[in-house]
Amino acid sequence: MPSDDELFAVVTQHNGGNHVRVQCEDGVDRMGRIPGRMKYRTWISEGDVVLVEPWDWQDEKANIEWRYSEQDADQLRDEGHID
């Protein structure tokens, strides 16, 4: 579950490299950055549910903190945490 400064988001577009476009639960479309620790270990595709932490100094950008598996994403939808 997200902490106070984290949000659920859905990946809408993969822009190549370590950048993706995400639609956050607060309705803001942000540019997400995949950190190096996840880049080659966790493949992120369009439609994946992720946990993001928006930047303090640029609200239109965020770091990807976690990618939920399809089963976990379905459970989050069933519980009403995401659409």
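First, a word on what this report is: a plain description of the structure on this page. (Residues numbered from 1 in each chain as written. Predicted model: local features only at pLDDT ≥ 70, side-chain atom pairs only at ≥ 80, totals over all residues. Heavy atoms only, no water.)

Notes on the environment of Asn18
Here's step 1: Mapped onto the fold, Asn18 is located in the loop between strand S1 (7–14) and strand S2 (19–24).
Here's step 2: Here the alpha-carbon distance between Asn18 and Ser69, two residues 51 residues apart in the chain, equals 19 Å.
Here's step 3: There is a polar contact of 3.1 Å between the side chain of Asn18 and the side chain of His19. (Helix = DSSP H or I, 4+ residues; strand = E, 2+ residues; numbered from the N terminus. Polar contact = N/O pair within 3.5 Å; in protein donor to acceptor, adjacent residues only side chain to side chain.)

Remarks on the nonpolar core
What tends to happen in soluble globular proteins is that the nonpolar side chains get buried as a cluster.
Here's step 1: Val22, Ile44, Val50, Val52 and Ile64 are the most contacted members of the largest nonpolar core, which has 13 residues in total.
Here's step 2: Those elements giving two or more residues to this core turn out to be S1, S2, strand S4 (49–54) and strand S5 (61–67).
Here's step 3: With residues up to four places along the chain from it excluded, the contact list for Ile64 reads Val20, Val22, Gly32, Arg33, Ile34, Pro35, Arg37, Met38, Ile44, Val50, Leu51 and Val52.
Here's step 4: Residues Val49, Ala73, Leu76 and Ile82 belong to the second largest nonpolar core, which totals 7 residues. (Core = buried A, V, L, I, M, F, W, Y, C linked by side-chain atoms within 4.5 Å. Buried < 20%, exposed > 50% of the residue type's maximum accessible area, 1.4 Å probe, protein only. Contact = heavy atoms within 4.5 Å.)

With respect to the pattern of salt bridges
Two side chains carrying opposite charge are able to pair once their charged atoms lie near each other.
Here's step 1: Per the counting criterion, the structure on display carries 4 salt bridges.
Here's step 2: Close ionic contact of Asp29 with Arg21 constitutes a salt bridge, the shortest N to O distance being 3.7 Å.
Here's step 3: On the basis of relative accessibility, which here comes to 36%, the residue Asp29 falls in the partly exposed class.
Here's step 4: With a closest N to O distance of 3.2 Å, Asp26 and Arg30 form a salt bridge.
Here's step 5: Residues participating in the shared-partner salt-bridge network are Asp26, Arg30 and Asp59. (Salt bridge = Lys/Arg side-chain N within 4 Å of Asp/Glu carboxyl O.)

In short, the description is geometric, and any link to function would need to be established separately.
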